[in-house]
Amino acid sequence: MIRTKPFTLAAIGAFGFAALVASGTLATAAPSASATISARQANFKKIGGAMKTLKDELGGSADKVKMLTAAKTIAAVGRAQVKLFPAGTGPSAGVKTDALAAIWTDRATFDGHMTKFIAEADKLVAAAGQGNAQAVGAQFKAMGATCGACHRQFRADD
Amino acid sequence: MTETTTGGSTRIWDLPLRLFHWLLVALVAFSWWSGENHEMDWHRLSGYCVLALLVFRVWWGFVGSRTARFAQFVRAPGTVLAYARTLGTRPGHAADGHNPLGGWSVVAMLAALAVMVAAGLFAVDVDGLESGPLADYISFDQGRAAAEVHEAVFNLMLLLILLHVAAIVFYLGFKRLNLVRPMITGRRARSEGDSEHGAAADVRWSPMLALAGIVIAGAVAWAVSTGFR
């Protein structure tokens, strides 16, 4: 038993290394438009879920940890979103997306919204970190206004 | 009117029922407008009013005047079928309130509205910004599913309203029966068949029971709007 152990460990190691190399290769290859669209939709759902958590907490027990976690999720996922709108992932991608073509024809405005979004999300994290429900509530509204402003301009209304 | 009248008129819809009907028309229109325009504070308020109206209507379906009661207008399938076979004949005979087919149309509209209000109470918008007062009892994904139901039933509701209006136009144009005027004035002309249906008498209702219904409806809608907190 003891003799076979190093061999087993080596086998696992080799397999793990191979998997790492393989996944590394996958990560460097450009993901398909549909994969990018799915990824950003999943991210927006995370943001939506975090916003709901904040709203629930603000209307309920205003739990500091829950609010801070949610705010951090929004800030972190928001930063990831910036990279998930490459050219070719709009309505012409052939996958269902509410992203309007205006994102790519008016990119500067869109990027401006994204920058504002992250700034507001950071302020939300700061407010949540202080644990002041009133400040979180005010920043939640500012955050929501930023979401809405971009969505009105760049997302199909469903 | 080509129907034979025996002179005079009879009251077939009580005042609370008519108020219910026209307030509901206004609120459904306003809910539609406020929903489409993302006026969610107004949309929620409108929904609470619809909820209050529904609660009142159910109450009134048990204690209201003769023609308001479920027991009077929810008829057995055989009666409905027999009535449906007479649809092609004219002139039509005025019914004592809802006709057997129309009764089920009312049930369908009330049920659709109830599902719509219930789903709306739990609904969450795609951004997690706006939600019904009961949404914090469920997850984001469940809230999104509720919003989907809310929207799907709305389309069904539009279809039922269209059917309702089409039926009214059919009765007016083909059967020569004006169903709109009685829903405004409460009265329709007496017709020959009234006595045999026992429908000659004016409907009667109790203001005290109506008041009790308004209080119950308001209390329920208010409690729900606060999320029971």
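Below or above, wherever it landed, is the structure these notes cover. (Residues numbered from 1 in each chain as written. Chains lettered and ligands numbered in written order. Predicted model: local features only at pLDDT ≥ 70, side-chain atom pairs only at ≥ 80, totals over all residues. Heavy atoms only, no water.)

## Considering the interface of chain B and chain A
No. 1: Taken together, the contact pairs 16 residues of chain B with 14 residues of chain A.
No. 2: Note on chain B versus chain A: buried area summed over both sides is about 1,200 Å², and carbon and sulfur give 53% of it.
No. 3: Looking at the side of chain B facing chain A, the largest losses of area belong to B:Asp127, B:Leu129 and B:Phe140, adding up to 47% of the total buried there.
No. 4: Here B:Asp127 and A:Arg155 are joined by a salt bridge, their closest N and O atoms 3.0 Å apart.
No. 5: Inspection of the region where chain B meets chain A yields six residue pairs in polar contact (both at pLDDT 80 or more).
No. 6: For the side of chain B that touches chain A, the residue count by class is six nonpolar, four polar and six charged. (Contact = heavy atoms within 4.5 Å. Buried area = accessible area lost by both parts, 1.4 Å probe. Salt bridge = Lys/Arg side-chain N within 4 Å of Asp/Glu carboxyl O. Polar contact = N/O pair within 3.5 Å; in protein donor to acceptor, adjacent residues only side chain to side chain. Nonpolar A, V, L, I, M, F, W, Y, C, P; charged D, E, K, R; others polar.)

## Considering the layout of surface pockets
Residues and elements named next belong to chain B.
No. 1: Estimates place the volume of the second largest pocket at around 1,200 Å³.
No. 2: Contributing to the lining of the second largest pocket are 50 residues, with His-21, His-98, His-164, Ile-168 and Met-183 lying nearest its centre.
No. 3: Secondary-structure elements contributing two or more residues to the lining of the second largest pocket are α1 (15-36), α5 (100-122), α6 (140-173), α7 (180-185) and β2 (187-191).
No. 4: The element best represented in the lining of the second largest pocket is α6, accounting for 10 residues.
No. 5: A per-class count over the lining of the second largest pocket returns 35 nonpolar, 10 polar and five charged. (1 Å grid on protein atoms, 1.4 Å probe; cavity = no way out; pocket = protein on both sides within 12 Å on 5 of 7 lines; lining within 4 Å. Points joined across faces, edges and corners; volume = space filled by probe spheres on them. Helix = DSSP H or I, 4+ residues; strand = E, 2+ residues; numbered from the N terminus.)

## Details of the side chain of A:Lys52
No. 1: By the secondary structure assignment, A:Lys52 is in helix α2 (residues 33-58).
No. 2: Those residues within four positions of A:Lys52 in sequence are excluded, and the remaining contacts are B:Val124, B:Gly128, B:Ala135, B:Asp136, B:Ile138, B:Ser139 and B:Phe140.

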